[in-house]
Structures are given as C-alpha cells and as structure tokens.
Amino acid sequence: MSWLRRHTVQVIGLLVMAYILLPNLVVLAFSFNKPNGRLNITWQEFSFDAWLNPCDTPGICSSVGLSLKIGIIASLTATVLGTLVAFALGRHRFRGRAGTNVLIFMPMATPEVVMGSSLLTLFIALGVGTGQTTILIAHIMFCLSFVVVTVKARIASLDPRLEEAAADLYASPAQAFRRVTLPLVAPGIAAGALLAFSLSFDDYIITNFNASPSSVTFPMYIWGAAQRGVPVQVNVIGSVLFLAAVAFVGIGQLLAAGRQRARA
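Just so we're clear, the structure is a prediction, and the values are computed from it rather than from any experiment.

Asker: Explanation requested: the domain arrangement of the protein in the structure shown.
Answerer: The extent of an interface is frequently quoted as the accessible surface area lost upon association of the parts. According to the domain assignment, the protein contains domain 1 (1-50 + 231-264) and domain 2 (57-230). Inter-centroid distance (C-alpha atoms) of domain 1 to domain 2 is 26 Å. Across the boundary between the two partners, domain 1 contributes 10 residues, which contact 12 residues of domain 2. Interface area for domain 1 against domain 2, summed over the two sides, is near 920 Å², with a carbon-plus-sulfur share of 77%. Of all residues in domain 1, Pro231, Val234 and Ile237 bury the most surface against domain 2, accounting for 52% of the area lost on that side. The interface formed by domain 1 and domain 2 includes zero salt bridges. On inspection of domain 1 and its partner domain 2, the count reaches one residue pair in polar contact (both at pLDDT 80 or more). In the side of domain 1 that touches domain 2, the residues fall into seven nonpolar, two polar and one charged.

Asker: Honestly, a nonpolar patch on the surface in this entry has me stumped. Any pointers?
Answerer: Taken together, the side chains of Ile12, Val16, Met17, Tyr19, Ile20, Leu21 and Leu25 define a hydrophobic patch exposed on the protein surface, amounting to about 690 Å² of accessible area. With respect to the helices, strands and loops of the structure, methionine 17 is situated in helix 2 (residues 8-30).

Asker: Just to check I follow, could you spell out the state of the cysteines for this structure?
Answerer: Under the counting rule described, the total for this entry stands at one disulfide. Residue cysteine 55 pairs covalently with cysteine 61 via a disulfide, S to S 1.8 Å. On the S-S bond that ties cysteine 55 to cysteine 61, the torsion sits near -90°, and the link is left-handed. Owing to a relative accessible area of 47%, cysteine 55 belongs among the partly exposed residues under this scheme.

Thresholds applied
- Residues numbered from 1 in each chain as written.
- Predicted model: local features only at pLDDT ≥ 70, side-chain atom pairs only at ≥ 80, totals over all residues.
- Heavy atoms only, no water.
- Domains from an automatic or database assignment.
- Contact = heavy atoms within 4.5 Å.
- Buried area = accessible area lost by both parts, 1.4 Å probe.
- Salt bridge = Lys/Arg side-chain N within 4 Å of Asp/Glu carboxyl O.
- Polar contact = N/O pair within 3.5 Å; in protein donor to acceptor, adjacent residues only side chain to side chain.
- Nonpolar A, V, L, I, M, F, W, Y, C, P; charged D, E, K, R; others polar.
- Patch = residues over 30% accessible without salt bridge, like charges linked within 9 Å, V, L, I, M, F, W, Y side chains within 5 Å.
- Areas by Shrake-Rupley, 256 points an atom, 1.4 Å probe, with all protein chains shown as cover.
- Helix = DSSP H or I, 4+ residues; strand = E, 2+ residues; numbered from the N terminus.
- Disulfide = S-S within 2.5 Å.
- Buried < 20%, exposed > 50% of the residue type's maximum accessible area, 1.4 Å probe, protein only.

If you want it as structure tokens, here you go:
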C-alpha cells in the first residue's frame, strides 16, 4: 500500500493511457482476423491475408490515397498561413485584433454540421461544383484555426529576452528570427501541422457535405462500407496509421532526448 500511495499518479496515468489505447489495440488485433462473413466483429481465425492484400477490397486504397493527398496539402497550407497569423496576433497590436481572435475561434466552436452545410450553400451560390477542390478549401479553413491557436500558445510562452540578447550580439532581425525565434517555435508549428493533418484525414461530416460521388475519402468509404460490413483491410490501414503515428512521436522524443544530452 505504501508503494501504491507513492506512485498513485503514475498508476492513474498508466490506466488512463490503457483506456485510451484499448480501441486501437482492438483494431490492431482484428486486422489479423479472418472472418467467415462480411462482419469483422467476432474472432474467427488468425491470418495475414489482409496485411498481404491491403488493396484487395475495391476502392479502399484510392480513398486512402485521396485522404492522404488532401490531408497533406491542407495541413501544409494551413500550417504556413496559420503560423503567419499566429505571429501577427502574438507579436503585434493592431486595430481589429480582438475581432480577429474571435473569428479564428469560430470554426473551432461551430458544429461541423453547420459548417459543412454553410460551405455547401456558399459553393452552390458561387456556382462551384463539389469535389476534391471544395473538400480541400473546407479542410484548410477549419484546420487553420487549430494551427493558429497551437502556434500562438507557443509564441506566448517565449522569453523575449532571448531575442533581445540576439540583438545585443549584433544579430539582424532576420538572423534573430531564423536562429532564435523559429527554432523555439518549431515544436508548436510541428504540433499544429500534425493536428491539422489528423483532423483533415479523420473528418467525415464536413467532407460529406462538400464531396462529389467521385471524391470518396477514407472516412466516407468506412461509413459506406459499414452498411454492408467493414472489410478487414480497414483495420489494417487503421493499424498502419496508428503505428506510424506512434513511431513518429517516438522518434521525436528520442531526438529531443539526444539534443538534451548533447547540451548537458
């Protein structure tokens, strides 16, 4: 009991992490299942068939490719624009700054059904046909707010004396930004980019409003497949994305630990 009292926080943290990761572990386990029918909800037989043939189900790989394409373009665009907006809001005082902060927050607070239907109404009024372009515009719009908030929080935590020290050492404003400010803000920018990509890849509601019959993303494919039985390949692709995210975060932590040891 004394050991448990000393490590209560660690034990609770591990239990919370286990609770969060449990659905991912179930998805990973059932990616090795070989169901008898179309429903992959009961364990039948261990098999590598789905892993060896991830594109065996028609349309699944094309939907994943479209989601990756839109997610990468939307996250990169939103990261660049959001970083510029975050620096403008975090470093400068100008008329309309408070109103801009409210407008940035609105896409985060607006229900996705309202946002998706509003964007569809706008595109119809402008005579723009739905498809990959409208999906991309919609994703950039709602990802932008998350990037701005993430990067702005990082900028607010910076110590202004570091830039002042760079100026005292005869660094130009551009050199101080490139050598001091940008490396310090880089973790926030990376976090905003990863958040934007995950939100874009995962979105269904806004995408469904602004997609065409020929532009089916991975979440839309899963929703359609759920009506007749989700194939095992969906679990495989979900497991690959989950393991890739874990590996990316693990590599980042190892690099950060290596830099800290080098500084020490």
